[in-house]
Amino acid sequence: MFVFFCPHCGENREEEEFGYGGEAFIPRPATPETLNDDAWGDYLFMRKNPKGWHWEMWSHNTGCRKFFVVKRNTATNAIAGSWTLSDGRKAYDAEGGAT
Amino acid sequence: MSEPVMRSPLHSFGLASQAKPIDGSSGVWANEIPHIGYISLRGDGRDQAFVSAASKALGIPLPIEPCTLATSESVKVLWLSPDEWMIVSAPGQANALCSRLELALAGVRNQVVDNSGGYTQIFLGGTHALDVLRHVSVYDFESLQPGRVAGTTLGKSSVYAFRQGNGYRLIVRRSFADYIWRYLVRAANPYGLGIADVPVDNLVGTSTASVNVAAG
Amino acid sequence: MTSFRVRRPGARIDFEKPLSFSFDGQPYSGFAGDTLASALLANDVRMLARSFKYGRPRGIVGSGPEEPNALMQIEAGAHTIPNLKATQVELYDGLIARRTTGYPTLEFDLKSIGGLFSRFMPAGFYYKTFQNQKLWPKFEHIIRQAAGYGSAPAEPDPETYDHSHRHTQVLVVGGGASGLLAALAAGRAGLKVVVVDEQKECGGWLLSSPHSIIGGKTADAWLKAVLGELQSMPNVEVLTRTSAFALHNMNLVLAVEQLQDHLPLGARSAHRPRQRLHRIRAENVVLATGAIERPLVFGNNDLPGIMTASALTTYLNRYGVAAGKRVLLHTSNDHVYQGACDLVRAGCEVVLADARARVNPAWEKRARAAGVDLRLGYGIAYARGGRAVSGAQLVKLDAERNAVTGKGPSIDCDALGSSGGLSPTVHLYCHDGGRPHWDDEKLAFVVPATGRAKSRIYCVGAVTGEFGLQQALEQTQRTIGDLLASLGKPAGTTSATDVHTDEPASVPPRRIFRIPDGMREGHGKKAFVDFQNDVSAADIHLAVRENYRSIEHIKRYTALGFGTDQGKLSNVNGFAIAADARGISIPEVGTTTYRPAYSPVTFGTLAGLHADETFEPRRYSAMHACHVARGAEFEPVGQWLRPWYFPLPGEDMHAAVRRECLAARRGVGIMDASTLGKIDLRGKDVREFLGRVYANDWAKLAPGKCRYGLMLDENGMVMDDGVTACITDDHFVMTTTTGGAARVFSWLEKWHQTEWPDLDVYMTSVTDHWATAAIVGPKSRQTLAKVCSDIDLSPSAFKFMDWRDGTVAGVPARVFRISFSGELAFEVNVDANYGHHVWEALMDAGREFGITPYGTETMHVLRAEKGFIIVGQDTDGSMTPLDLDMAWAVSMKKPFSFIGKRSFARSDTAGPNRKQLVGLLTEDPEIVLAEGAQIIERTDIAPPVPMLGHVTSSYYSPELDRSIALAVVRDGINRRSDEGRKTGRDVLYAHAGGKAHKVRLVSPVFIDPKGERQNV
């Protein structure tokens, strides 16, 4: 069971307070109609699913109800940090958006 | 037509008639504090216009420090998130307070919702109150300081909790109140549970005079 | 009698308090402080079990959680617990214990006849025999009964359990000498400390060795002083009878505390739980889990009376029981020497056979001085005896190779203890991905002395391979010093304790696990590695010969290390024998995986208070008491408990629903609709937001109006539906399905927070604030008019799909003129504190019109008659609005590409032959189809049968006086069209319960297709 630091509440909290929000930074295409079926299918279904570092969202369900970003290692369950959505985007981009 | 009568979520337990002054006969004391006003306030805590207008309408500075609460003579304001607060007010005051807030916040991004029917409050005290909280919630209640509020789990439900005097106040959703009360009763079983007579002047939790709820 | 009581000074037995108990129906007595095992041993009860495969007599081997044989059924009836280890059961007055093995009896076990089974049950017996799976069901019952292992209670558990969530700076697992010293140092430094120990008192090995000297004090005095100081610290809590059984990531340790099992049944309190699960989140974990002595492997080493040497010593020193008068000890190391001396002092004759030719001179001197008959360089080839050990044949061992060089003496004995060295209890360290490493000098899998500093897991004492008491305590001081230093605390407090002991410095053990008997493996007497699973050294050799390589495979092929003891005694011997059989080193073999739980945990403890009436949240509406008073039957809908139907005296469900339906269609009915999800949305962009998350258009919905909406996921599939009201241009109130309320609210927040934070929208759940009563039927307007005077209810002023604010029964109310039945209907929403009052007022108002409360069953019939869907019943996540024939609820013209829109054009979603919603009429109007019945083309059901769809909703309609159903069927909309009817494609079969019923596909709207009734 994880302990997450909620960047909004500013406290470490137990995993039971949170819900998983899926892989982070999958922006919705601005003009879905211009995408072919393959590209739209990628947006709908394809996820990185890495063994290693993964940028993902969690929602502080029983607390502030905010979605935020966690960088977690799926192999070791180590957590590198948690950020608000906008700060997380900056940290993610600073890594080149890579895994 | 009969006069409108309010019924609190824990009405069916008949707690009021069982209440007695807190003493050393039980390790845990609890009761429902019914019919309090609850307003959900949304707005951007970084927006100075919103914060000052809301503070003015409430009569106290809106708490913008995470997980804190502010208390005045008439209201208690709980920080729930960077853009959400819960305003706890005396019975019957919520409507007028809503109007005052809406008026003050006109022109600013906001939401004011009277949610008084949606919540109720449970008082929890006694020498073993902390033990009971350890049984029912994953949160580290030992670390909860006066003036702070925690949104966390209670069994498989959720709660907003803060300290008041030497006890705790738990704000819970109406439809879960029955489950939560039963859960608390079962968790308190090892320590003995007394139904507490909570002083009237302390209903909202705004009184500055704290009651000694951890007798014994 | 071979065993006898010894009044040892320092023993934890209160000879003034005798206790009586029974085993297999025979009465026995023991003393306060005994375990069931020590009391049975003192009563000379040797044979306690029959072995799993061969039915061999078995007795007590260990003195703690490592015990593989003495598994007991404790108490009877609802309180019975199977498979408790006698070594861990504290004796109380009146305790009832029974064997769990031995079929048909302990004295006579079928499996043991002439070693019949042993010849036929080699390693992999079950795999080999039951590869033909048809055989297994025939033999399973017999095999399971013969194998034994207790019975689960058949009655409900009368006891309760709870959880305690703890947060601490330091958790010390294990209250032995090292653990206590660690806790003392952390406590003195002012840290919040929790110590857990699985026994009833702290002390660990010191309890078995009360005469050891630490810092000039006896172990007993040292323990008293340390525990006294710990108890005086408000920041330190010591939990005994608390077994840490799992360590999860981020230092979450699970521990179960026994609160009542040690008390006589009559003395247990109904107010206390039987067990408590502590979920301890620790900033720092200190593992002081110690080590368990493993036996040596030799022929007939499973005879009752043969134990680990440390168990013999523990029974003597801690429990005051000498297991025999003539004791043979066998060792490869120094650890047995103190015990050998103690046994002699207690009056036993002791022969000690050390596999080493040259031993520790200090110990040799002490042992010979005490009177121990020391035989150096000998091993036990095999033990002798029938139902208990009576002697052993020694062999002379080569000083270097593990081989026999000559015959040794035959020694008579009535108790035999062996020590193959210590195996550190590394389990918890390994639960979170850690691996132990092999120490070739100490001959043990140990954890690093540095622990895992990055995870803040520290290891102290014997678990790190420091087996000498003084070395263990010194290592503890160093490690806790490092821990404190990392927290910026002065380390001085750790060195303040004098940890000098009187133990001689130890010399290395001999690397020997299986004592050679001069014969090829498998040809001599059976030498057991795993007692609980009857795995012998020969079985491991056989597995290797049959080409099993990985130790994980050897484990599963032979069953080595399975069972309630999880190989605590057997694993290392098994690994070593596998290594020798393969001709590789022990670290090359490695270990099997250590997984929670360290020792068995009962389901009740894991459930805690999530059981019985608090198993799941049960949610109630504000009107619940009204329904109870009217005798409603209830059904769970998600977490809610909703009225199902309201039977009058003598009515069954069918009759009640018929009456309720007709009342709503012809008079007036009333239903509690409070459970629908309700979300208040505010902001100038709410209209835009709704347009993005709903399939339909919201641009023109005026204040005072409501609209039904379909919410889709991004795949274009319907995920929720409900009515949304426009309060003002920047204020809307949305309703969701009962079950979808939380999901939809979170879904909307996610889109707003992650994709469209720029939209001026705030949303708040008001589900619990509003209590909602739906008044339904031709007389609903007259009913409402009696309690509402400030809303103009006339058809022209208050139209279908309008809402109005007003006062109902003296309470501020928001009234929606919407309908889920197709009838004229009003939904009255009030502050839930007034829900009870308003329901009763509406009942009073409707009395003259025969107002009839109805529940979810009637609601379902009424909506099905109108073809209204229930999301999640008529849809399953694969239905688009077009599949539901609800194109009217989709606006393809909206400028923003709403959620799900793009997916309509995906090849499969846009393709032909999709399952579509239709109405079904059975040929026989009395037949109510089973929901889930498959729709097929022909009555012939020889496979393969193409499945065209299934029935989603099915009821008897009182209004139509016949059955109706909704179904999803491939190409259903074409099939039920005029064209389909002409070609007969509208006639199909619904197959359920072995019968195919002829059905006709029709419009799902069975009554009032023009929707006139709701508009009156």
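Summary of the structure given here. These numbers were taken from a predicted model, which means no experiment stands behind them.

Glancing now at helix α23 (residues 835-846) of chain C. Residue and element names in this part refer to chain C. Given a rise of 1.5 Å per residue, 12 residues ought to cover 16 Å, and the 16 Å separating the end C-alpha atoms of α23 matches this to within 8%. For α23, the buried fraction is high: 10 of the 12 residues fall into the buried class. Gly835, His836, His837, Val838, Trp839, Ala841, Leu842, Met843, Ala845 and Gly846 are the residues of α23 that are buried.

A few words now on the interface of chain A and chain B. Listed as interface residues are 13 residues of chain A and, on the opposing side, 18 residues of chain B. The tally of links from chain A across to chain B stands at three salt bridges. In this structure, Asp83(B) engages Lys66(A) in a salt bridge whose closest nitrogen and oxygen atoms are separated by 3.0 Å. Summed over the shared surface of chain A and chain B, the result is seven residue pairs in polar contact (both at pLDDT 80 or more). Residues of the side of chain A that touches chain B, tallied by class, amount to two nonpolar, four polar and seven charged.

Turning to the environment of Ala150(B), a few remarks are in order. Tracing the chain through its elements places Ala150(B) in strand β8 (residues 149-154). Accessibility expressed as a relative area gives 0% for Ala150(B), which makes it buried. Once the C-alpha coordinates of Ala150(B) and Ala161(B) are considered, the two residues, 11 residues apart in sequence, prove to be 5.2 Å apart. Once you skip the residues sitting within four places of it in the chain, Ala150(B) turns out to touch Arg13(A), Tyr139(B), Leu144(B), Val159(B), Tyr160(B) and Ala161(B).

To continue, consider the sheet that holds strand β47 (residues 934-936) of chain C. All names here are of chain C. In spatial order, the strands read β46-β49-β48-β47-β50-β51; together these six strands close into a barrel with antiparallel pairing. Across this sheet, the average inter-strand angle for adjacent strands is 45°, counted without regard to direction. As paired strands, strand β48 (residues 949-957) and strand β49 (residues 962-970) are joined by eight bridges and run antiparallel to one another. In the strand pairing of β49, tyrosine 956 is matched with serine 963. Its contacts with the sheet put helix α24 (residues 856-865) on β48 and β49, and the angle it makes with β48 is roughly 110°.

Time to look at the nonpolar core. Residue and element names in this part refer to chain C. Grouped together as the largest cluster of nonpolar side chains are 56 residues, with contacts concentrated most on Leu36, Met72, Tyr315, Leu329, Tyr337 and Val350. Here this core gets six residues from one element, more than from any other, and that element is helix α1 (residues 36-42). If sequence neighbours within four positions are ignored, leucine 36 has contacts with Phe21, Met72, Ile74, Ala86, Val89, Leu91, Leu95 and Ala97.

To continue, consider the pattern of salt bridges. Residues and elements named next belong to chain C. Scanning the entire structure with this criterion turns up 82 salt bridges over all chains. With a shortest N-O distance of 4.0 Å, glutamate 159 and arginine 268 are connected by a salt bridge. With glutamate 159 in the loop between α4 (135-147) and β9 (161-173) and arginine 268 in the loop between β15 (252-258) and β16 (275-287), the pair connects residues that are 109 residues apart, well separated along the chain. Aspartate 432 is the partner of arginine 452 in a salt bridge, and the nearest nitrogen-oxygen pair spans 3.7 Å.

Our next topic: the packing of helix α13 (residues 537-545) of chain C against helix α14 (residues 551-558) of chain C. Residue and element names in this part refer to chain C. Put simply, α13 and α14 touch, their axes get as near as 10 Å, and they point 120° apart. It follows from the interaxial angle that α13 and α14 lie oblique. With respect to the hand of their crossing, α13 and α14 are arranged in right-handed fashion. Contacts between α13 and α14 involve Asp539, Ile540, Ala543 and Val544 from the former and Ile554, Tyr557 and Thr558 from the latter. The residue makeup of the contact of α13 with α14, split by class, is five nonpolar, one polar and one charged.

At the junction of the two partners, chain C supplies 57 residues and chain B supplies 48 residues. Taken together, the two surfaces of chain C and chain B that pack against each other cover about 4,500 Å², and 50% of this comes from carbon and sulfur. Run the count over chain C and chain B and you get eight salt bridges. For Lys156(B), the salt bridge is made with Glu616(C), and the minimal N-O distance between the two is 3.1 Å. Between chain C and chain B we count 32 residue pairs in polar contact (both at pLDDT 80 or more) in total. For the side of chain C that touches chain B, the secondary-structure elements that each account for two or more residues are β9, β16, β36 (677-682), α21 (741-754), β40 (762-765) and α23 of chain C. Sort the elements by how many residues they give to the side of chain C that touches chain B and β9(C) lands first, with six residues. For the side of chain C that touches chain B, the per-class residue count stands at 22 nonpolar, 18 polar and 17 charged.

Scoring rules and cut-offs
Residues numbered from 1 in each chain as written. Chains lettered and ligands numbered in written order. Predicted model: local features only at pLDDT ≥ 70, side-chain atom pairs only at ≥ 80, totals over all residues. Heavy atoms only, no water. Helix = DSSP H or I, 4+ residues; strand = E, 2+ residues; numbered from the N terminus. Expected span 1.5 Å × (residues − 1). Buried < 20%, exposed > 50% of the residue type's maximum accessible area, 1.4 Å probe, protein only. Contact = heavy atoms within 4.5 Å. Salt bridge = Lys/Arg side-chain N within 4 Å of Asp/Glu carboxyl O. Polar contact = N/O pair within 3.5 Å; in protein donor to acceptor, adjacent residues only side chain to side chain. Nonpolar A, V, L, I, M, F, W, Y, C, P; charged D, E, K, R; others polar. Pairing = 2+ DSSP bridges. Axes fitted to C-alpha atoms, helices over the stretch in contact; angles between N-to-C directions. Core = buried A, V, L, I, M, F, W, Y, C linked by side-chain atoms within 4.5 Å. Parallel < 35°, antiparallel > 145°, perpendicular 65-115°, else oblique. Left-handed = near helix turned anticlockwise from the far one by under 90°. Buried area = accessible area lost by both parts, 1.4 Å probe.

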